[in-house]
Amino acid sequence: MLRIALPNKGRLAEDARDLFNDAGLEVRGKGERALTASLGGEFEAIFVRAADIPEFVADGAAQAGITGVDLVNESGRGVEELLDLEFGRCRLVVAVREESRIKGLTDLHGKPRVATVFPRITANFFAAAGIPVEIVPVSGAAEIAPHLGIADIVVDLTSTGSTLKVNGLLEVATVLESSARLITALTTNDPRRTQLDELVDALASVLRARSRRYLMANVPRARLAEVKAILPGISGPTIIDIMDDGEMVAVHAVVSAATIYRTVGQLKQLGGQGILVTRIERLMP
Ligand code: AMP
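Here the focus is the site of the ligand. Around the ligand, the neighbouring residues are Lys9, Gly10, Arg11, Leu12, Gly68, Asp70, Leu71, Gly88, Arg89, Cys90, Leu157 and Ser159. Within the backbone of arginine 11, an N or O atom sits 3.0 Å from an oxygen atom of the ligand. Aspartate 70 has a polar side-chain atom sitting 2.5 Å from an oxygen atom of the ligand. Considered on its own, the ligand offers 490 Å² of accessible surface; in the complex 77% of this is hidden by protein. Its residues assigned to classes, the shell around the ligand comprises 4 nonpolar, 4 polar and 4 charged. For the shell around the ligand, the domains that each give at least three residues are domain 1 (3-88 + 179-209) and domain 2 (90-178).

Okay, here's the thing in structure tokens:
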């Protein structure tokens, strides 16, 4: 049975569990703090620190894992990214004290000290930019370092920017855009790859479904051309006759969740009635 390494706590833990549950691979452990669980009886989950997952996957302790791409890059282990899972979005940024006169990387002079939890990514970034720096590795709370005088700038993760702001820091450059990924170190000819590919397909179908909705509406037959223009669907909307005098037809389509508000408004303007929008569990085009 394939073993999948999942984050045991922190920002990625809950989203990773939700993703498996939504794919029909229910996470069943012996208790809240169990270190292993069954994933729908098909896979075994092990719960470990997100930062250790690239290592465990590279070593073959698990055949796949879920962790942030920031942690994958920092580990320096050559693992393959199978899928962008779209949660855990954040950016690794260079930040300076608000009162410093630094507005961008070109304002950095001398050999500034950079406090970071990501020494490898940071060293590579500044080397590529041709800026000499001294790395000050810390294991957390890098944002306090400039105020303590142990570093001039920081390279830290941010999503909303509020933590940087609260700590009087200003973002001046982006090092990396991160999100959670499904990773593996199995070679493409490994026999276990078939089962892993099935898992990738299942998770991808859930991710695809999350950004879409299933929409049903009754619309005037006379306005069908206009309705088709706003409901592209996967291969055009499904059109079904209604047992009335033929004036109205039912249309069904898969539409973007992000623009559903506008789509419903447009349908109403075309005389749409009985509009129904539902979530989709999985979508395999
Ligand atoms: P944890 O320390 O276990 O909460 O996991 C941290 C990981 O969550 C990071 O390495 C990122 O991959 C991800 N993450 C997502 N959003 C953020 C954020 N705003 N700040 C820090 N980490 C984040």
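On we go.
A word on helix 9 (residues 260-269). Of the residues making up helix 9, those classed as buried are Ile260, Thr263, Val264 and Leu267. Buried residues of helix 9, seen end-on, are gathered within an arc of 100° and therefore sit on one face of the element. Along helix 9, the residues that are exposed and aim more than 90 degrees away from the buried face are Tyr261, Arg262 and Gln269. Looking at the buried side of helix 9, the elements it contacts are strand 13 (212-220), helix 8 (224-230), strand 15 (248-256) and strand 16 (273-279). Glycine 271 sits one or two positions beyond helix 9 and adopts a positive phi of about 95°.

Turning next to the domain arrangement of the chain. Here the domain parsing of the chain yields domain 1 (3-88 + 179-209), domain 2 (90-178) and domain 3 (212-279). Using C-alpha coordinates to define each centre, domain 1 is positioned 38 Å away from domain 3.

With 51 residues, the main nonpolar core has Phe20 and Phe126 as its most contacted residues. Sorting elements by how many residues they give to this core places helix 7 (residues 193-210) first, with 7 residues. Taken domain by domain, this core gets at least three of its residues from each of domain 1 (3-88 + 179-209) and domain 2 (90-178). Setting aside residues no more than four positions away along its own chain, phenylalanine 20 makes contact with Ile4, Leu6, Leu25, Glu26, Val27, Leu39, Ile66, Leu199 and Leu203.

Right, let's talk about the sheet that holds strand 16 for a bit. Spatial strand order, 14-15-13-16: 4 strands in an open sheet with antiparallel pairing. At either end of the open sheet lies a strand with only one pairing partner, and these are strand 14 (238-241) and strand 16. Averaged over all pairs of adjacent strands, the angle between strand axes in this sheet comes to 20°, irrespective of strand direction. As paired strands, strand 13 and strand 16 are joined by 5 bridges and run antiparallel to one another.

About the cut-offs
- Residues numbered from 1 in each chain as written.
- Predicted model: local features only at pLDDT ≥ 70, side-chain atom pairs only at ≥ 80, totals over all residues.
- Heavy atoms only, no water.
- Near = heavy atom within 4 Å.
- Polar contact = N/O pair within 3.5 Å; in protein donor to acceptor, adjacent residues only side chain to side chain.
- Areas by Shrake-Rupley, 256 points an atom, 1.4 Å probe, with all protein chains shown as cover.
- Nonpolar A, V, L, I, M, F, W, Y, C, P; charged D, E, K, R; others polar.
- Domains from an automatic or database assignment.
- Buried < 20%, exposed > 50% of the residue type's maximum accessible area, 1.4 Å probe, protein only.
- Helix = DSSP H or I, 4+ residues; strand = E, 2+ residues; numbered from the N terminus.
- Arc of directions from axis to C-beta.
- Contact = heavy atoms within 4.5 Å.
- Core = buried A, V, L, I, M, F, W, Y, C linked by side-chain atoms within 4.5 Å.
- Pairing = 2+ DSSP bridges.
- Axes fitted to C-alpha atoms, helices over the stretch in contact; angles between N-to-C directions.

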